[in-house]
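Given next are the chains, with one letter for each unit.
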Amino acid sequence: VLFKLADQQEKDYELISKVRGAMIYPIVIFAALLGVMAIIILFVMPQIQKVFDDLDAALPLPTRILLSTSAFAREWFFVIAALFIGGVVGLRFYVRRSEEAHAWWDRVKLKIPIFGPLMKKIAMARFTRTTATLITAGLPMLEILDTVADVMGNVVYRDAVQRTRNQVEAGVALSKALSDEKIIPSIVSQVVAIGEKSGNLDFSLANIADFYDKEVDATTRNLSSILEPILMIAIGIGVGFVVISVISPIYNLVNVT
């Protein structure tokens with residue numbers, strides 16, 4: 001049993017490490033984009049505004065928006081920074097303390113494009129492998145489901161496992177109870193049904209856990225490739241807006257001249 005638990009801990013650690021490793025590149029790029037935009041707004045635009053003031057030319061809308069944003073950010077920088085940091089810390093504290101807020105955030109995470117499906121695969125890998133480990137250890141099914149519900153790491157899946165546990169206690173087969181939960185993929189309930197009929201439920205669950213481990217591994221390896229075009233488009237839009245805002249007044253002035 002201890003060897004099985006050690007293997008379970010190792011698998012969980014590998015899943016978390018893969019996700020964190022895949023997130024490093026997008027976070028670095030996004031942080032760099034924010035840093036460049038902050039430098040442009042706080043330091044570059046004031047210098048450009050002096051040039052525009054000397055030219056005394058009519059400024060197009062994008063330029064006025066960028067200059068107004070720069071002036072507002074420079075005047076209220078510390079207030080904005082304090083509100084942002086306070087908001088993030090306060091929201092994080094509130095989500096941890098409030099069960100309703102925590103449940104809401106867990107539901108939102110599952111709906112985030114790209115990351116939501118990945119989190120669902122991680123939850124299924126954890127559910128199937130933990131259940132298989134506890135079955136091998138010889139625990140009763142109701143106790144297994146109670147334990148699995150506590151380690152799911154997501155309120156939505158915890159509630160689904162708890163509802164499954166209540167149905168099993170009422171005499172419903174585990175495969176049927178799982179098939180009633182929309183958030184549980186049909187492949188899981190079908191494999192469980194095969195395991196129940198063959199008497200090798202732990203073996204069947206371990207196989208489906210290996211399948212989801214491979215799915216998570218493939219998704220995390222491709223995550224950078226999926227996010228890179230999106231990040232490049234965002235950077236292109238930001239840089240393009242700044243270039244248009246700076247070049248347009250000069251171009252208009254040259255044409256007038």
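None of these values were measured; they are calculated from a predicted model.

Rules and cut-offs
Residues numbered from 1 in each chain as written. Predicted model: local features only at pLDDT ≥ 70, side-chain atom pairs only at ≥ 80, totals over all residues. Heavy atoms only, no water. Helix = DSSP H or I, 4+ residues; strand = E, 2+ residues; numbered from the N terminus. Rg over C-alpha atoms; globule rule 2.2 N^0.38 Å. Buried < 20%, exposed > 50% of the residue type's maximum accessible area, 1.4 Å probe, protein only. Contact = heavy atoms within 4.5 Å. Areas by Shrake-Rupley, 256 points an atom, 1.4 Å probe, with all protein chains shown as cover. Lys, Arg positive; Asp, Glu negative; His and termini not counted. Charge placed at Lys NZ, Arg CZ, Asp CG, Glu CD. Phe/Tyr/Trp six-rings, centres within 6.5 Å; stacked < 30°, edge-to-face > 60°. Salt bridge = Lys/Arg side-chain N within 4 Å of Asp/Glu carboxyl O. Expected span 1.5 Å × (residues − 1). Arc of directions from axis to C-beta. Core = buried A, V, L, I, M, F, W, Y, C linked by side-chain atoms within 4.5 Å. Axes fitted to C-alpha atoms, helices over the stretch in contact; angles between N-to-C directions. Parallel < 35°, antiparallel > 145°, perpendicular 65-115°, else oblique. Nonpolar A, V, L, I, M, F, W, Y, C, P; charged D, E, K, R; others polar.

## Regarding the overall build of the protein chain
Then comes step 1: The secondary structure content of the protein chain amounts to ten helices and zero strands.
Then comes step 2: In terms of C-alpha radius of gyration, the protein chain reaches 26 Å, well past the compact-globule figure of 18 Å for 257 residues.
Then comes step 3: Principal axes of the C-alpha set define a box for the protein chain whose edges measure 85 × 35 × 30 Å.
Then comes step 4: By residue count, 33% of the 257 residues in the protein chain fall in the buried class.
Then comes step 5: Considering only contacts within the protein chain whose residues lie at least 6 apart along the sequence, 67% involve residues at least 24 apart.
Then comes step 6: Carbon and sulfur atoms form 67% of the exposed surface of the protein chain, whose accessible area is close to 15,600 Å².
Then comes step 7: The positive charge centre, built from 25 side chains, and the negative charge centre, built from 25, are 2 Å apart in the protein chain.

## Remarks on the packing of aromatic side chains
Then comes step 1: Enumeration according to the criterion identifies three aromatic pairs in this entry.
Then comes step 2: With a centroid separation of 6.3 Å and an interplanar angle of 35°, the aromatic rings of Trp104 and Trp105 are classed as tilted.
Then comes step 3: Note on Trp105: relative accessible area 36%, which makes it partly exposed.
Then comes step 4: Their ring planes at 70° and their centres at 5.2 Å tell us that Phe211 and Tyr212 sit as a pair that is edge-to-face.
Then comes step 5: A relative accessible area of 6% means that Tyr212 is categorised as buried.

## Focus: the environment of Ser189
Then comes step 1: Mapping Ser189 onto the fold places it in helix H9 (residues 186-198).
Then comes step 2: A C-alpha to C-alpha distance of 14 Å links Ser189 and Arg129, two positions 60 residues apart in sequence.
Then comes step 3: Excluding residues that lie within four positions of it along the chain, Ser189 makes contacts with Ser175, Leu178 and Ser179.

## With respect to the pattern of salt bridges
Then comes step 1: Enumeration according to the criterion identifies nine salt bridges in this entry.
Then comes step 2: Ionic pairing is found between Arg165 and Asp146, a salt bridge with its closest N-O pair at 3.2 Å. Of the two residues, Arg165 is situated in helix H7 (residues 155-169) and Asp146 in helix H6 (residues 141-151); the sequence distance between them amounts to 19 residues.
Then comes step 3: Judged by relative accessible area, which is 35%, Asp146 ranks as partly exposed.
Then comes step 4: A network of salt bridges, in which partner residues are shared, links Arg129, Asp210 and Asp213.

## Concerning H9
Structurally, the α-helix is built with 3.6 residues per turn, so residues lying three or four positions apart point the same way.
Then comes step 1: For H9, with 13 residues, the first-to-last C-alpha span of 18 Å sits near the 18 Å given by 1.5 Å per residue.
Then comes step 2: Residues Val188, Ser189, Val191, Val192 and Gly195 constitute the buried set of H9. With its buried residues spanning 160° around the axis, H9 presents them on a single face. Set apart from the buried face of H9 by more than 90 degrees, the exposed residues are Ile194 and Lys197.
Then comes step 3: Just downstream of H9, Gly199 is the residue with a positive phi angle, here 80°.

## Concerning the nonpolar core
Then comes step 1: Membership of the largest hydrophobic core comes to 31 residues, with the highest contact counts inside it found for Phe127 and Val188.
Then comes step 2: Of all the secondary structure elements, the ones that give two or more residues to this core are helix H5 (115-136), H6, H7, helix H8 (174-179), H9 and helix H10 (201-256).
Then comes step 3: If one sorts the elements of this core by residue count, H5 sits on top with eight residues.
Then comes step 4: Not counting residues up to four positions away in its chain, the partners in contact with Val188 are Met124, Phe127, Thr128, Leu178 and Tyr212.

## Topic: the packing of helix H4 (residues 99-111) against H7
Then comes step 1: At their nearest, the axes of H4 and H7 sit 8 Å apart, and the two run at 100° to each other. As the angle between them shows, H4 and H7 are arranged roughly perpendicular. Residues Glu99, His102, Ala103, Asp106, Arg107 and Leu110 of H4 pack against Val155, Val156, Tyr157 and Arg158 of H7.
Then comes step 2: Looking at the contact of H4 with H7 residue by residue, the class counts come to five nonpolar, one polar and four charged.

## Remarks on the side chain of Arg126
Then comes step 1: Topologically, Arg126 is positioned in helix H5.
Then comes step 2: Using a relative accessible area of 16% as the deciding quantity, one classes Arg126 as buried.
Then comes step 3: Each residue touching Arg126, except ones within four places of it in the same chain, is listed here: Gln8, Asp12, Ile16, Val151, Met152 and Gly153.

Shape is all these values report; function is a separate question.
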